[in-house]
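Chain by chain, the residues run as shown.
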Amino acid sequence: MANLEPRREEAKRTRRIADLLCSAHANLRDRYSTYAAVLDTSILLLSAFIVAHTFGMDKIPTQTTVFGLRYELLIAVASLGVFGLSILQLRVNWKEIAAAHAKSYSAYAEVKHDLTRLMADEKIEESQLRFILSRYALASEIGTNIPEAEFLKQKQIHKLKIEISQHLDKHPGSWIILIRLKLFLRDTFGDDANKNLK
């Protein structure tokens with residue numbers, strides 16, 4: 001049994017990291033998907049406005065104003081908006097970034113699932129563990145990385161999610177905003193936080 005404990009500990013540690021990476025990649029996937037959707041919608045609405053003007057420009061008086069601005073100026077602003085947003089769309093590649101994070105999320109989610117199932121067995125086979133760990137290493141290679149500036153923030157979000165989830169298991173009627181406030185006060189001003197900073 002003593003030889004099995006290192007395997008179980010390694011599986012447990014890898015599963016914990018995979019769980020953190022699942023949360024981080026899911027958050028970044030959703031963020032960049034939202035950015036891309038807002039950008040696409042903005043371009044679509046501005047383009048529709050310009051097309052509508054093209055078909056109906058003969059019926060619109062030249063002195064018409066909208067929100068205090070001449071209609072002709074609005075058309076010019078909309079045209080520049082479409083051009084600028086289209087250039088931005090090409091430069092930021094938010095759809096591709098979201099897709100890369102979605103791919104990483106799927107890979108780490110499979111590893112997490114397999115490790116959870118493996119840890120449920122009384123005996124962890126070395127060959128099974130090594131196979132799953134090889135897939136974990138492959139997920140790091142084929143997917144995308146968490147930006148350095150994002151890692152700590154995503155780790156904090158993940159840890160908060162776990163603590164809030166555990167609290168809600170026992171107190172389902174709790175207000176999530178107040179739980180967050182309680183955790184903030186505890187971890188920022190509590191005795192344990194002060195000791196850790198010394």
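Use the structure listed above.
Here is a short report on the structure shown in this document. (Residues numbered from 1 in each chain as written. Predicted model: local features only at pLDDT ≥ 70, side-chain atom pairs only at ≥ 80, totals over all residues. Heavy atoms only, no water.)

Observations regarding the overall build of the protein chain
- Of the regular secondary structure elements, the protein chain holds 7 helices and 2 strands.
- When the helices and strands of the protein chain are placed in sequence order, the string is α-β-β-α-α-α-α-α-α.
- Long-range pairs, those at least 24 residues apart, make up 76% of the contacts in the protein chain between residues at least 6 apart in sequence.
- With the model as given, the accessible surface of the protein chain reaches about 13800 Å², and the carbon-plus-sulfur share is 61%. (Helix = DSSP H or I, 4+ residues; strand = E, 2+ residues; numbered from the N terminus. Contact = heavy atoms within 4.5 Å. Areas by Shrake-Rupley, 256 points an atom, 1.4 Å probe, with all protein chains shown as cover.)

Description of helix 3 (residues 94-119)
- Taking 1.5 Å of rise per residue, 26 residues should cover 38 Å, and helix 3 covers 37 Å from first to last C-alpha, within 8% of that figure.
- By the burial criterion, the buried members of helix 3 are Ala-98, His-101, Ser-104, Ala-107, Tyr-108, Val-111, Asp-114, Leu-115 and Leu-118. (Expected span 1.5 Å × (residues − 1). Buried < 20%, exposed > 50% of the residue type's maximum accessible area, 1.4 Å probe, protein only.)

With respect to the pattern of salt bridges
- Taken as a whole and judged by the stated rule, the model has 14 salt bridges.
- Asp-30 serves as the salt-bridge partner of Arg-29, at 3.0 Å between the closest nitrogen and oxygen.
- Exposure remark for Arg-29: the relative accessible area of 23% places this residue in the partly exposed category.
- Across the pair Glu-126 and Arg-130 runs a salt bridge whose closest N-O atoms are separated by 2.7 Å. Linking Glu-126 with Arg-130, this pair stays in helix 4 (residues 126-142), spanning 4 residues, or about one helical turn. (Salt bridge = Lys/Arg side-chain N within 4 Å of Asp/Glu carboxyl O.)

Observations concerning the packing of helix 3 against helix 4
- At a closest axis distance of 9 Å, the pairing of helix 3 and helix 4 adopts a crossing angle of 165 degrees. Overall, the two elements helix 3 and helix 4 adopt an arrangement that is roughly antiparallel. Along this stretch, helix 3 crosses helix 4, giving a crossing that reads as left-handed. Residue-level contacts link Lys-103, Ala-107, Tyr-108, Glu-110, Val-111, Asp-114, Leu-115 and Leu-118 of helix 3 to Gln-128, Leu-129, Ile-132, Arg-135, Tyr-136, Ala-139, Ser-140 and Ile-142 of helix 4.
- Residue classes in the contact of helix 3 with helix 4 are distributed as 10 nonpolar, 2 polar and 4 charged. (Axes fitted to C-alpha atoms, helices over the stretch in contact; angles between N-to-C directions. Parallel < 35°, antiparallel > 145°, perpendicular 65-115°, else oblique. Left-handed = near helix turned anticlockwise from the far one by under 90°. Nonpolar A, V, L, I, M, F, W, Y, C, P; charged D, E, K, R; others polar.)

Digging into the environment of Gln-154
- Mapped onto the secondary structure, Gln-154 falls in helix 5 (residues 148-170).
- Note on Gln-154: relative accessible area 2%, which makes it buried.
- Remark: the alpha-carbon pair of Gln-154 and Ser-23, spanning 131 residues in sequence, is separated by 7.6 Å.
- In this view, Gln-154 contacts Leu-20, Ser-23, Ala-24, Asn-27, Leu-28 and Arg-31; residues no more than four positions away in its chain are not counted.

What about the packing of aromatic side chains?
- Within this structure, the stated rule accounts for 4 aromatic pairs.
- Taking the centre distance of 5.8 Å and the plane angle of 65 degrees together, the rings of Tyr-108 and Tyr-136 count as edge-to-face. You can see Tyr-108 sitting in helix 3 and its partner Tyr-136 sitting in helix 4, a full 28 residues away along the chain. By the burial criterion, Tyr-108 is buried, and Tyr-136 matches it.
- Ring centres of Phe-184 and Phe-189 lie 6.0 Å apart, and the angle between their planes is 90 degrees; this geometry places the pair in the edge-to-face category.
- Overall, the relative accessible area of 45% leaves Phe-184 in the partly exposed class.
- What makes Phe-189 exposed here is its relative accessible area of 55%. (Phe/Tyr/Trp six-rings, centres within 6.5 Å; stacked < 30°, edge-to-face > 60°.)

Regarding a positive patch on the surface
- A cluster of like positive charges, contributed by Lys-12, Arg-13, Arg-16, Lys-155 and Lys-159, occupies part of the molecular surface.
- Taken together, the elements giving at least two residues each to the positive patch come down to helix 1 (4-56) and helix 5.
- Along the polypeptide, Lys-12 turns up in helix 1. (Patch = residues over 30% accessible without salt bridge, like charges linked within 9 Å, V, L, I, M, F, W, Y side chains within 5 Å. Lys, Arg positive; Asp, Glu negative; His and termini not counted. Charge placed at Lys NZ, Arg CZ, Asp CG, Glu CD.)

The values are spatial; any link to function lies outside them.
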